[in-house]
Amino acid sequence: MVLMDTIYLDHASAMPIDSRVFDFAKKYLTDYFGNPSSLYNIGQDAKEAVDESRKKIAELINAETDKTIIFTASATESNNLAIRGTAYRNIKDGKEVLASAIEHISVINPMKDLQKNGWIFNTVLVDKYGVVDLEQLKKMINKNTIVTSIMYANNEIGTIQPISEIAKIVHEKGHFLHVDATAAAGRIPIDVQKDGIDLLTLSSNDLYGPRGAGALYVKPGVKIQSVMPGGGQERGLRSGTENVFAIAGMGEAARIAKKEMKDESNRLIKIRDKLIQEITKIDDSYLTGHPKNRLPNHASFRFSYIEGESILLNMDIHGIQVATGSACSSKTLEPSHVLIAIGLKHEEAHGSMVMTLGQSNNIDQVPKIVKLAKETVERLRKLSPLTK
Ligand code: PMP
């Protein structure tokens, strides 16, 4: 199915590759197919493409040097390398890890895995908007806390965290701050040096780049080890032949994001705010996440008495794709841990609808989206045994 007559509002789950990125990177699938570890020309051309991409990504986040960027295959892999690689490498300094209650499962599960192997894993609570409780964070961090992982912005509720304040707290008593910036990068400016970040996760496909590439920023001096031994690529931290097409594309996507972010975000904020203004007029509907400190492309709601899955399917029949919680956990019928963490009851959390905007959206689509959301909610409520 193509996106001709549809309005796609689920960019947090998947984005199309930007055609400029594809045009730039496609030669690395065909003519420039070499292995960056090969010493002859075709190999060195591929190595140059990887190194050029490293520079572009370093520039997007204002990293000290391009050497700080390690390529992986996904945000999930970057999160695993950041958490497990740092925890194991610094084991003699302490065996505690900490995450916010609203982290992505690709952060929570590596920490649970460490817990099974003898580490202490604590979670810091968030307020009703999803902002990390800084007082509790101060109390929880101690000299044994090797990795603290707090996401830059949440993919389900859009809330942006006060990262530089968090970094100060982490560094007062603990060791390293890891930030999952998968949802935030390319939407809001990130400056790892100003923010005081030690490790930062990025994902290519969340920047309109190809799938199959991720990156981990590792601040100079941070001690980390590989979690997947092999041929020793990427400074020995991530073995395996590089996916040059995806990596080159990710760099180009980062370059474009840096150049266009300000204008594009201002454009999306107008659409976002109009959607929030109109959709919260529906009876018993509420915005989830922070009303102001939220991603420019993120509008998320909950509706009483109905199920998010039914909303999603009804909207899809009429050509509008939305999400309900995270695509990664949509295989389970459990309510989203993020919505529970912000204090919603199970039945409230089940009625969530998430809209994440992108390049294909424009302000003229808003009336159609709002009309369909309103009709869908009314139709489902007529059928719902929970309706008052
Ligand atoms: N972190 C966040 C915040 C995400 O939204 C996602 C999913 N897009 C991931 C990590 C994992 O990304 P992937 O499934 O591409 O590895």
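Residues numbered from 1 in each chain as written. Predicted model: local features only at pLDDT ≥ 70, side-chain atom pairs only at ≥ 80, totals over all residues. Heavy atoms only, no water.

Chemist: I'm lost on the site of the ligand in this one. Help?
Modeler: For the ligand, the full set of nearby residues is Ala12, Ser74, Ala75, Thr76, Asn79, His104, Ser106, Met151, Asn155, Asp180, Thr182 and Asp206. Contact between the ligand and Ala75: an oxygen atom at 3.5 Å from a main-chain N or O atom of the residue. Take Asp180: an N or O atom from its side chain is 2.6 Å from a nitrogen atom of the ligand. Contact with the protein chains hides 86% of the accessible area of the ligand, taken as 390 Å² for the molecule alone. Of the residues in the shell around the ligand, the class split is three nonpolar, seven polar and two charged. (Near = heavy atom within 4 Å. Polar contact = N/O pair within 3.5 Å; in protein donor to acceptor, adjacent residues only side chain to side chain. Areas by Shrake-Rupley, 256 points an atom, 1.4 Å probe, with all protein chains shown as cover. Nonpolar A, V, L, I, M, F, W, Y, C, P; charged D, E, K, R; others polar.)

Chemist: Sorry if this is basic, but what is going on with the sheet that holds strand β8 (residues 214–218) here?
Modeler: Across the sheet, which stays open at both edges, the seven strands sit in the order β2-β8-β7-β6-β5-β3-β4 with mixed pairing between neighbours. Edge positions in the open sheet fall to β2 (69–72) and β4 (120–124), since each of these has one partner strand only. For this sheet, the mean angle separating the axes of adjacent strands, direction not counted, is 20°. Relative to β4, strand β3 (residues 96–100) runs parallel, the two sharing five bridges. When the sheet's bridge partners are listed, Glu96 is paired in β4 with Ile120. Its contacts with the sheet place helix α4 (residues 105–116) against β3, β4, β5 (145–149) and β6 (176–180), and it is angled at close to 155° to β3. (Pairing = 2+ DSSP bridges. Helix = DSSP H or I, 4+ residues; strand = E, 2+ residues; numbered from the N terminus. Axes fitted to C-alpha atoms, helices over the stretch in contact; angles between N-to-C directions. Contact = heavy atoms within 4.5 Å.)

Chemist: Please explain the packing of helix α8 (residues 244–279) against helix α12 (residues 366–383) as it appears in this structure.
Modeler: Working note: a packed helix pair is described by the angle between its axes plus the distance between those axes. One way to put it is that α8 packs onto α12 with a least axis distance of 10 Å and a crossing angle of 30°. One way to sum up the angle between α8 and α12 is to call them roughly parallel. Note on packing geometry: the crossing formed by α8 with α12 is right-handed. Of α12, the residues touching α8 (which contributes Ile271, Lys274, Leu275, Glu278 and Ile279) are Val366, Ile369, Val370 and Ala373. Looking at the contact of α8 with α12, its residues break down into seven nonpolar, no polar and two charged. (Parallel < 35°, antiparallel > 145°, perpendicular 65-115°, else oblique. Left-handed = near helix turned anticlockwise from the far one by under 90°.)

Chemist: Looking at this structure, I do not really get the pairing of strand β7 (residues 199–203). What am I missing?
Modeler: In the case of a regular strand, side chains alternate between the two sheet surfaces. Burial runs high along β7: five of the five residues are buried. Here β7 shows two buried faces, one formed by Leu199, Thr201 and Ser203 and the other by Leu200 and Leu202. Relative to β7, β6 is paired through three bridges, and the arrangement is parallel. The partner of Asp180 across the bridge, within β7, is Thr201. Here five bridges tie β7 to β8, and the two strands are oriented antiparallel to one another. Paired with Thr201 across the bridge in β8 is Leu216. (Buried < 20%, exposed > 50% of the residue type's maximum accessible area, 1.4 Å probe, protein only.)

Note that all results are geometric; they support no functional claim without further evidence.
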